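Survey of secondary and tertiary structure
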Amino acid sequence: MENNTTIHTKEKQLLEARREGLKNAENTSIRPHGKLWDMDVFSWYKPNIQVLTNTIHAFPYPVIWVGNSADILNAINEDETIATQLHAVMAIDNSKLALDLIDKKEIPNVAGTNEVEHTLALVKATKHKNTILLFSASDENWENDKKEFDEFIALHQN
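Numbering of residues starts from 1 in each chain and follows the order in which that chain's sequence is written. Residue-level local features of this predicted model are given only where pLDDT is at least 70; pairs of side-chain atoms are given and counted only at 80 or more, and the full residue set underlies all totals for whole chains, interfaces and linings. Calculation of side-chain values draws on the structure's entire complement of heavy atoms; hydrogens and water are dropped beforehand.

Thoughts on the overall build of the chain
Going by this rule: Numbering of helices and strands runs from the N terminus, with a helix taken as a DSSP run of H or I at least four residues long and a strand as a DSSP run of E at least two residues long. Note on classification: 1.4 Å probe, protein chains only; a residue is buried when its accessible area is under 20% of the maximum for its type, exposed when over 50%, partly exposed between these limits. A 1.4 Å probe and the Shrake-Rupley method give the accessible areas. Residues count as covered only by the protein chains that appear here.
A tally of helices and strands in the chain yields six helices and six strands. When burial is assessed residue by residue, the chain has 39% of its 158 residues classed as buried. Total accessible area computed for the chain in this model is approximately 9,200 Å², and 50% of it derives from carbon and sulfur atoms.

Considering the packing of helix α2 (residues 49-58) against helix α3 (residues 69-78)
Quick note on the threshold: Orientation is described by lines fitted to C-alpha atoms, with helices fitted over the stretch in contact, and by angles between N-to-C directions that extend from 0 to 180 degrees. Throughout, the term roughly parallel applies to angles under 35 degrees, roughly antiparallel to angles over 145, roughly perpendicular to angles from 65 to 115, and oblique to all others. Contact between two residues is taken to exist if any of their heavy atoms lie within 4.5 Å; hydrogens are not considered. Following the grouping adopted for this structure description, the nonpolar residues are Ala, Val, Leu, Ile, Met, Phe, Trp, Tyr, Cys and Pro, the charged ones are Asp, Glu, Lys and Arg, and the polar ones are all others, Gly among them.
Two numbers describe how α2 lies on α3: the axes approach to 10 Å, and their chain directions differ by 75°. Taken together, the axes of α2 and α3 are roughly perpendicular relative to one another. For the pair α2 and α3, contact is made by Ile49, Gln50, Leu52 and Thr53 and by Asp71, Asn74, Ala75 and Glu78, respectively. In terms of residue class, the contact of α2 with α3 is made up of three nonpolar, three polar and two charged.

Notes on the packing of aromatic side chains
Applied cut-off: Pairing of aromatic side chains requires ring centres within 6.5 Å, counting the rings of Phe and Tyr and the six-membered ring of Trp. Pairs whose planes differ by under 30 degrees are stacked, by over 60 edge-to-face, and all others tilted.
Evaluated as defined, the whole model comprises five aromatic pairs. Following the ring pairs from residue to residue traces out a cluster consisting of Tyr45, Phe135, Trp142 and Phe149.

So, the side chain of Asp71
Filter applied, for reference: Positive: Lys, Arg. Negative: Asp, Glu. His and the chain ends are not part of the count. Here, a salt bridge means any Lys or Arg side-chain nitrogen found within 4 Å of an Asp or Glu carboxyl oxygen. Counting of polar contacts relies on pairs of N or O atoms within 3.5 Å, with two restrictions inside protein: one atom must be capable of donating a hydrogen and the other of accepting it, and residues adjacent in sequence are counted only when both atoms are side-chain atoms.
Looking at the element boundaries, Asp71 is found in helix α3. The side chain of Asp71 sits in the buried core without any salt bridge; Lys46 is the nearest counter-charge, 11 Å away. A polar contact is formed between the side chain of Asp71 and the side chain of Ser138, at a distance of 2.5 Å. Beyond its immediate stretch of four places on either side in the chain, Asp71 contacts Pro47, Ile49, Trp65, Ser136, Ala137 and Ser138.

As for the nonpolar core
As a reminder of what qualifies: To qualify as a nonpolar core, a set must consist of buried Ala, Val, Leu, Ile, Met, Phe, Trp, Tyr and Cys residues joined through side-chain atoms within 4.5 Å.
By size, the foremost hydrophobic cluster in this structure holds 20 residues, and its most contacted members are Val66, Leu120, Val123, Leu133 and Phe135. Where this core is concerned, the elements lending two or more residues are β2 (39-45), β3 (63-67), β4 (86-91), α5 (116-126), β6 (131-137) and α6 (142-156). In this structure, Leu120 is in contact with Val66, Phe135, Glu148, Phe149 and Phe152, ignoring residues within four places of it in sequence. Membership of the second largest hydrophobic core comes to 18 residues, among which are Trp44, Ile82, Ile132 and Leu134.

What to know about the environment of Val110
One can find Val110 in strand β5 (residues 109-112). Overall, the relative accessible area of 26% leaves Val110 in the partly exposed class. Spatially, the C-alpha atom of Val110 lies 5.0 Å from that of Val89, the residues being 21 residues apart in sequence.

Some details on unusual backbone geometry
Even without being glycine, Trp37 reaches a positive phi, approximately 50°. Within the secondary structure, Trp37 sits in the loop between β1 (31-36) and β2. Positive phi, normally seen in glycine, also occurs at Asp38, with a value near 65°. Inspection of the secondary structure puts Asp38 in the loop between β1 and β2. For Asp38, a relative accessible area of 48% translates into the label partly exposed.

Observations concerning the confidence of the model for the chain
For clarity, the cut-off: pLDDT is a per-residue confidence score from the predictor, ranging from 0 to 100.
Summary statistics for the chain give a mean pLDDT of 81 and a share of 77% for residues scoring 70 or more. Per-element confidence in the chain is highest for β3, whose mean pLDDT is 93, and lowest for helix α1 (residues 4-28), whose mean pLDDT is 58.

A short note on the environment of Val123
Looking at the element boundaries, Val123 is found in helix α5. If we skip the residues at most four places from it in the chain, Val123 touches Trp37, Met39, Val66, Met90 and Leu133.

So this is what it looks like as C-alpha cells:
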C-alpha cells in the first residue's frame, strides 16, 4: 500500500503534466482572437503545415496570412491550391518573399519585411471585410513574435 506522501507526489506530477500539456496546446493549436477591422483573427504557433493548409481550405473566407516565410513557402509548395484561398501573404522575416512567390499569381497581395511590427502595419492596407487574418510563427523567435502579435491585437482591436 502506498503512503500518503507517494500519492501526494504523484498527484503533483499529474497536475504539473496537465498544466504543461495545456500550455503546449495553447501554443501549438489555432487560437481565435475575435474581430479586427471586420476580419476574423486567428493565431497559430509552431503549426503542422499539412494541418495548417487543411485549415486554410476550411476557412469560409479568403485569408490574409502573416507568418514566417519558411512556413508560407512550405505550405504553398505542399499544396499549391491554397493560393486560391489567400487574399494576401506577408512574411515577418523575409523582405524578398514576393520574389520567391512571383509565379504564384493567384495571390493578389504578397509582401515581406524583416520585422513583425512592420509586417503587421501592412495588414491595415490589405484589410478586407469577410476575410480571415491568420498569424503564425514557428522559427526560433516565435515566442517574441507571439508577444508582438498579442500586443498589436490588444492595441488595435475594438
